[in-house]
Amino acid sequence: MVFVWLTAFFLVVALIVLVIYQLMCLADLEFDYINPFDSSSRINKVVMPEFVLQALLSVLFLLSGHWAMFLLSFPLVYYNYTLYQRRQHLVDVTEIFNQLGREKKRRLFKIVSLIVLLFLSLFWMIWSVLSEEDE
């Protein structure tokens, strides 16, 4: 049981790092430290790994029987799936300045939900370690 929570913890940390990297690229673009092409290409390189990691996290919770955590992580997977189906998952070079506010809000929403998942998985990891120690 500890292995599941440890894996979930590291997956959530990796997801948070990817989303923070995307936010940093958007902030660098906003303050003219980087050009739009470089910023969008850097963001687009990590979008699909982020989607795959989020799906793996949800599958991990589903297969391990942690239904509450699965229900908390699945809306992000569904949101990523709808973005992919609408072809809105990649940042467009020509429209990046027009969509900068929306892209930052999208990533901030993801960061908040991932931080909630991080604290919950950390709590359950500590709980499972302590419960195994008692037995």
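Residues numbered from 1 in each chain as written. Predicted model: local features only at pLDDT ≥ 70, side-chain atom pairs only at ≥ 80, totals over all residues. Heavy atoms only, no water.

A. Broad picture of the overall build of the protein. Looking only at helices and strands, one finds 4 helices and 0 strands in the protein. Each helix and strand of the protein, ordered N terminal to C terminal, gives the series α-α-α-α. The principal-axis extent of the C-alpha atoms belonging to the protein is close to 60 × 30 × 20 Å. By sequence separation, contacts in the protein at least 24 residues apart represent 79% of the contacts at least 6 residues apart. Distance between charge centres in the protein, computed from 10 positive and 12 negative side chains, equals 12 Å. (Helix = DSSP H or I, 4+ residues; strand = E, 2+ residues; numbered from the N terminus. Contact = heavy atoms within 4.5 Å. Lys, Arg positive; Asp, Glu negative; His and termini not counted. Charge placed at Lys NZ, Arg CZ, Asp CG, Glu CD.)

B. Broad picture of the packing of helix α3 (residues 67-85) against helix α4 (residues 100-134). Running from amino to carboxyl end, α3 crosses α4 at an angle of 155°, the nearest separation of the two axes being 10 Å. With respect to α4, the element α3 is oriented roughly antiparallel. In the crossing of α3 with α4, the sense of the turn from one axis to the other is left-handed. Contacts between α3 and α4 involve M69, L72, S73, L76, Y79, N80 and L83 from the former and R106, F109, K110, S113, L114, L117, L120, S121 and W124 from the latter. Its residues assigned to classes, the contact of α3 with α4 comprises 10 nonpolar, 4 polar and 2 charged. (Axes fitted to C-alpha atoms, helices over the stretch in contact; angles between N-to-C directions. Parallel < 35°, antiparallel > 145°, perpendicular 65-115°, else oblique. Left-handed = near helix turned anticlockwise from the far one by under 90°. Nonpolar A, V, L, I, M, F, W, Y, C, P; charged D, E, K, R; others polar.)

C. The nonpolar core, seen in detail. In this structure, V12, I16, L57, F61, L114 and L117 are the most contacted members of the largest nonpolar core, which totals 22 residues. Those elements that place two or more of their residues in this core are α1 (2-30), α2 (36-64), α3 and α4. If you tally residues by element for this core, the top one is α1, at 10 residues. Excluding residues that lie within four positions of it along the chain, F61 makes contacts with W5, A8, H66, M69, F70 and S73. (Core = buried A, V, L, I, M, F, W, Y, C linked by side-chain atoms within 4.5 Å. Buried < 20%, exposed > 50% of the residue type's maximum accessible area, 1.4 Å probe, protein only.)

D. Here's a closer look at the environment of M1. As for its placement among the helices and strands, M1 is situated in the segment before α1. With a relative accessible area of 53%, M1 lands in the exposed category. With near-sequence residues (within four places) excluded, M1 lies in contact with H66, S128 and E132.

E. View of the side chain of R106. One can find R106 in helix α4. A residue is classified by how much of its surface remains accessible, and R106, at 9% relative accessible area, is buried. Look past the residues within four positions of R106 in its chain and what remains in contact with it is Y79, L83 and Q88.

F. Here's a closer look at unusual backbone geometry. Within the chain, D32 stands out as a residue other than glycine whose phi angle is a positive 60°. Within the secondary structure, D32 sits in the loop between α1 and α2. In this structure, R87 takes a positive phi of about 60° despite not being glycine. Along the chain, R87 turns up in the loop between α3 and α4. Among the residues examined, R87 registers a relative accessible area of 66% and is labelled exposed.

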